[in-house]
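Summary of the model geometry
One-letter residues, chain by chain:
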Amino acid sequence: MRSKKRKAKKIKKQVNKIKMILCLVVEAIVILTLVVIIGWNKGVGDWMESLQKPVVRKLEMSGINSPYAVLMQVKGGKIIGNMKGDEKIYPASMTKIMTYIVTAETVSDLQNTRTTVPESVAEELEGTGSSLAEIQTGESFTIYELLNLMMVPSGNDAALTLAKYVDSLNITADDPQYDEDGDGKMSCVELMNKKAQRLGMNKTHFCDTTGLHDPDHYSTVRDIAVLLRYALRNDTFREIIESPRHSTGVTNIHPSGITYYSTMFKNLSDPSVTGGKILGGKTGYTSEAGLCLASFAEVYDREYILVTAGASGNTGSPLHVEDAVTIYNRLGKAIEAQMTGSDGSES
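Everything in this summary refers to the structure shown in the same document. Along every chain, residues carry numbers that run from 1 in the direction the sequence is written. Per-residue local features are limited, in this predicted model, to residues with pLDDT of at least 70; the limit for side-chain atom pairs, both in listing and counting, is 80 or more; totals at the level of whole chains, interfaces and linings are taken over all residues. The side-chain quantities take in all heavy atoms of the structure and omit both hydrogens and water.

Quick word on the layout of surface pockets
Roughly 390 Å³ of internal volume is contained in the largest pocket. Along the walls of the largest pocket sit 23 residues, with Ser131, Thr283, Gly284, Tyr285 and Leu291 positioned nearest its centre. Residues are grouped as follows: Ala, Val, Leu, Ile, Met, Phe, Trp, Tyr, Cys and Pro are nonpolar; Asp, Glu, Lys and Arg are charged; every other residue, Gly included, is polar. Residues that form the lining of the largest pocket fall into these classes: five nonpolar, 16 polar and two charged. In this analysis the probe radius is 1.4 Å and the grid spacing 1 Å, with only protein atoms considered; a cavity is a set of points the probe fits into but cannot get out of, a pocket is an open set with protein on both sides within 12 Å along at least five of seven lines, and lining residues have an atom within 4 Å of a point. Grid points are joined across faces, edges and corners, and a volume is the space filled by probe spheres set on the points.

Overview of the pairing of strand E12 (residues 302-311)
For every residue, the accessible area (1.4 Å probe, protein chains only) is compared with the maximum for its type, and the residue is labelled buried under 20%, exposed over 50%, or partly exposed between those bounds. A run of H or I in DSSP counts as a helix once it spans at least four residues, and a run of E counts as a strand once it spans at least two, with each numbered from the N terminus. Counting buried residues in E12 gives seven out of ten residues, a clear majority hidden from the surface. Here the rule is simple: two strands pair whenever DSSP picks up at least two bridges between them. Examined bridge by bridge, strand E1 (residues 68-73) and E12 share six bridges and lie antiparallel to one another. Paired with Gln73 across the bridge in E12 is Tyr304. Inspection of the sheet shows strand E11 (residues 290-299) paired to E12 by eight bridges, in the antiparallel sense. Within E12, the residue paired with Ala297 across the bridge is Tyr304. The hairpin turn running from E11 into E12, its antiparallel successor, is two residues long, and Tyr300 in that turn takes a positive phi close to 45°.

Some thoughts on the side chain of His205
Considering the arrangement of structural elements, one finds His205 in the loop between helix H6 (188-198) and helix H7 (221-231). Any N or O atom pair separated by 3.5 Å or less is treated as a polar contact, with the protein-specific requirement of one donor-capable and one acceptor-capable atom, and with residues adjacent in sequence counted only for side-chain atom pairs. Within the structure, His205 has its side chain in polar contact with the backbone oxygen of Asp216 (distance 2.8 Å). Non-local contacts of His205, meaning those with residues more than four positions away in its chain, are made with Glu180, Asn193, Asp216, His217 and Tyr218. Every residue pair with non-hydrogen atoms within 4.5 Å of one another is taken to be in contact.

Let's talk about the sheet that holds E11
The sheet built from six strands is open, its strands ordered E2-E1-E12-E11-E10-E9 with antiparallel pairing. The open sheet terminates on both sides in strands that have one partner only, identified here as strand E2 (79-83) and strand E9 (272-273). Bridging between strand E10 (residues 276-286) and E11 involves ten bridges; their strand directions are antiparallel. Across the sheet, Thr286 pairs through a bridge with Gly290, a residue of E11. Here an axis means a line fitted to C-alpha atoms, over the contact stretch when the element is a helix, while the angle between two N-to-C directions is reported on a 0 to 180 degree scale. Relative to E11, helix H9 (residues 319-339) is tilted by about 30°, and along the sheet it contacts E1, E2, E9, E10, E11 and E12.

Brief notes about the packing of helix H2 (residues 96-106) against H7
Packing of H2 against H7 leaves a shortest axis separation of 10 Å and a crossing angle of 35°. Our pair here, H2 against H7, has a crossing hand that is left-handed. Residues Ile97, Met98, Ile101 and Glu105 of H2 touch H7, and the partners they reach there are Leu227, Leu228, Tyr230 and Ala231. Within the contact of H2 with H7, the residues separate by chemical class into seven nonpolar, no polar and one charged. By the definition used in this description, the sense in which the near helix is turned from the far one sets the handedness, with an anticlockwise turn below a right angle giving left-handed and a clockwise turn giving right-handed.

Here's the deal with unusual backbone geometry
Look at Ser154: it is not a glycine, yet its phi comes out positive at around 65°. The topology assignment puts Ser154 in the loop between helix H4 (143-151) and helix H5 (156-168). Of note in this structure, Tyr300 is not a glycine but carries a positive phi near 45°. Looking at the element boundaries, Tyr300 is found in the loop between E11 and E12.

A closer look at empty space enclosed by the protein
Counted by the stated rule, this structure contains two cavities of 30 Å³ or more. Taken as a whole, the largest cavity encloses approximately 40 Å³ of empty space. Looking at the largest cavity, the residues that line it are Met151, Val152, Ile240, Ile241, Ser243, Ser262, Thr263 and Gly281. Here the lining of the largest cavity is composed, by residue class, of four nonpolar, four polar and no charged. The volume enclosed by the second largest cavity comes to roughly 40 Å³. Taken together, Tyr90, Pro91, Ala92, Gly211, Leu212, His213, Asp214, His217, Thr286 and Ala289 form the lining of the second largest cavity. In terms of residue class, the lining of the second largest cavity is made up of five nonpolar, four polar and one charged.

A word on the pairing of E10
Of all the eleven residues making up E10, eight are buried; the element is thus mostly covered by neighbouring parts of the structure. Bridge count between E9 and E10: two bridges; the pairing is antiparallel. If you follow Val273 over to E10, its bridge partner there is Gly276. The turn linking E9 back onto E10 is made up of two residues, and Gly275 within it adopts a positive phi angle of 80°. The turn joining E10 and E11, which pair antiparallel and follow one another in sequence, is formed by three residues.

A word on H4
A large share of H4 lies buried, amounting to nine of its nine residues. Listed as buried for H4 are Ile143, Tyr144, Glu145, Leu146, Leu147, Asn148, Leu149, Met150 and Met151.

In structure tokens form, the structure reads like this:
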């Protein structure tokens, strides 16, 4: 009898020991999972993505109309094509990608926050030859609508209205180096320059929110690629920049709303390229900047960013869009070559 009790007691101890070990294992798994999740949110995910080798290690960029071009893989941020990528350019309306980011990260409720187009917008843009969404002084829009009107038809009037709204928030300057006018407040442009530095866009400086020419308003195609890669993390930005057109809701001046068309898609009859398609993009043009385009495409299940600048605007042809089609097709063919056994590079 005693022997049976000793045996039962021993079995019970072993069961308890096993339970304790299982509990410790479960706890370890939970802790490890939490560490991975927190680490991913704090940048480990980006670091791991950066280790992912691109399918094509290097792509030849010559033979296009634009003298400046960078091709980047979105996942990991690897540059796989580079032509004068770090040389100074004027970004023209590609600037509006940063205007979008600063506005979207400053205004918490894009869909319900409203502002009215101030009279000063038309006054400041008069005689500049700006691309316009033709919004009217006193017209009321949500911030979301204005972001669409800035990005889709590239309305400088929408960009300037957004800038004036952000300026009106009187955001306190927490770092004097970005408070360029020394008033203790951060204007929209100052916030744009601060964000550029935070993103490592060290060869970029903004003077305005529209991209109208100023000798001190400059960037590089590499910096703009970095900016677009960051912006693509924002689902609303993706929704807008992928839209071939946008119809506004009812406003106090346009009771039927207005429909606008994308400055890129109206010059792109077929977004298909070898192995995929062009998903979206932001165009730009001034006589000093030439034709510019920051675009992104999915090619064989991976996303890529192409930024080009400096193509001639005097031919009547959308050379910047043609360059995007050329490069993405070239990329698709290089990936096909890799699939069939080559090393995936072009020379």
